[in-house]
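Structure assessment
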Amino acid sequence: LLNNGTIQVDSIHEIYYQEYGSNSSHTTNINNDINKQQQQQQQQSEANINRNKSNLKVALSLHGGPGAGSFPNHARFFNTAPLHYDRIILFDQRGCGKSKPRGEIQNNTLHH
């Protein structure tokens, strides 16, 4: 799990989401005694990652509902051969799962 939270979509509803995937753009230096050559290789690798961000494959899971939310194991469907996505976004429909308010159907129209 890289990130999760809610998005306010109207005056009533907050949609809960979960983001899964590789967070390779936020690398950490575990070994402080790394030599200069390794540091240069790391910087080049980070530059390549940043350059390739626009090539990330993202999956947005639209589960069928109604009533149930998404579950973390749903992300696995997007990370098995032959599929592999760099980011997987799961969300709970309005009024379902961890979205708020639970069970609320006001504003659930095609317009909203």
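Residues numbered from 1 in each chain as written. Predicted model: local features only at pLDDT ≥ 70, side-chain atom pairs only at ≥ 80, totals over all residues. Heavy atoms only, no water.

**Focus on the side chain of His13**
What counts, and what does not: Helix numbering and strand numbering both begin at the N terminus, where a helix is a DSSP run of H or I of at least 4 residues and a strand a DSSP run of E of at least 2. Whether a residue is buried, partly exposed or exposed follows from its accessible area with a 1.4 Å probe, protein chains only, as a fraction of its type maximum: under 20%, in between, or over 50%, in that order. In this analysis, two residues are considered to be in contact whenever any of their non-hydrogen atoms come within 4.5 Å of each other.
Examined against the element boundaries, His13 turns out to sit in the loop between β1 (3-8) and β2 (14-21). Given the relative accessible area of 0%, His13 is considered buried. When neighbours within four sequence positions are excluded, His13 is seen to be in contact with Ile7, Gln8, Arg94, Gly95, Lys100, Pro101, Glu104, Gln106, Asn107 and Asn108.

**Topic: the sheet that holds β1**
The following threshold applies: At least two DSSP bridges between two strands are required for those strands to pair. Interaxial angle, 0 to 180 degrees, is taken between N-to-C directions of lines fitted to C-alpha atoms, where a helix line uses only the stretch in contact.
Across the sheet, four strands lie side by side as β1-β2-β4-β3; this open sheet has mixed pairing. This sheet does not close on itself; its edge strands, each paired only once, are β1 and β3 (58-61). Put simply, the sheet's adjacent strands are angled 20 degrees from each other on average, direction ignored. Bridging between β2 and strand β4 (residues 87-91) involves five bridges; their strand directions are antiparallel. Counterpart to Gln18 in the pairing with β4 is Leu90.

**Some points on the pairing of β4**
Of the pairings in the sheet, the one linking β3 to β4 comprises four bridges and is parallel in character. Across the sheet, Ala59 pairs through a bridge with Ile88, a residue of β4.

**Some details on unusual backbone geometry**
Cis rather than trans, the peptide bond between Lys100 and Pro101 has omega equal to -10 degrees. Topologically, Pro101 is positioned in the segment after β4. In this structure, Asn107 takes a positive phi of about 70 degrees despite not being glycine. By secondary structure assignment, the location of Asn107 is in the segment after β4. The class for Asn107 is buried, based on a relative accessible area of 18%.

**Examining the packing of aromatic side chains**
As a reminder, the rule being used: Classification of ring pairs rests on two measures: the distance between centres of Phe, Tyr or Trp rings, Trp counted by its six-membered ring, which must be within 6.5 Å, and the angle between planes, read as stacked under 30 degrees, edge-to-face over 60 and tilted in between. Any Lys NZ or Arg CZ found within 6 Å of a ring centre and within 35 degrees of that ring's normal is scored as a charge over the ring.
Tallying each qualifying case throughout the model produces one aromatic pair. Seen in terms of ring centroids, Phe78 and Tyr85 are 6.1 Å apart; in terms of plane orientation they differ by 80 degrees. Their pairing is edge-to-face. Here Lys57 stacks its cationic end above the ring of Tyr85, 4.9 Å away from the centre of that ring.

**Looking at the pairing of β1**
Successive side chains on a regular strand alternate, one facing one side of the sheet and the next facing the other. As defined by bridge partners, β1 adjoins β2 across six bridges and the pair is classed as antiparallel. The partner of Asn3 across the bridge, within β2, is Glu19. As consecutive antiparallel partners, β1 and β2 are separated by five residues.

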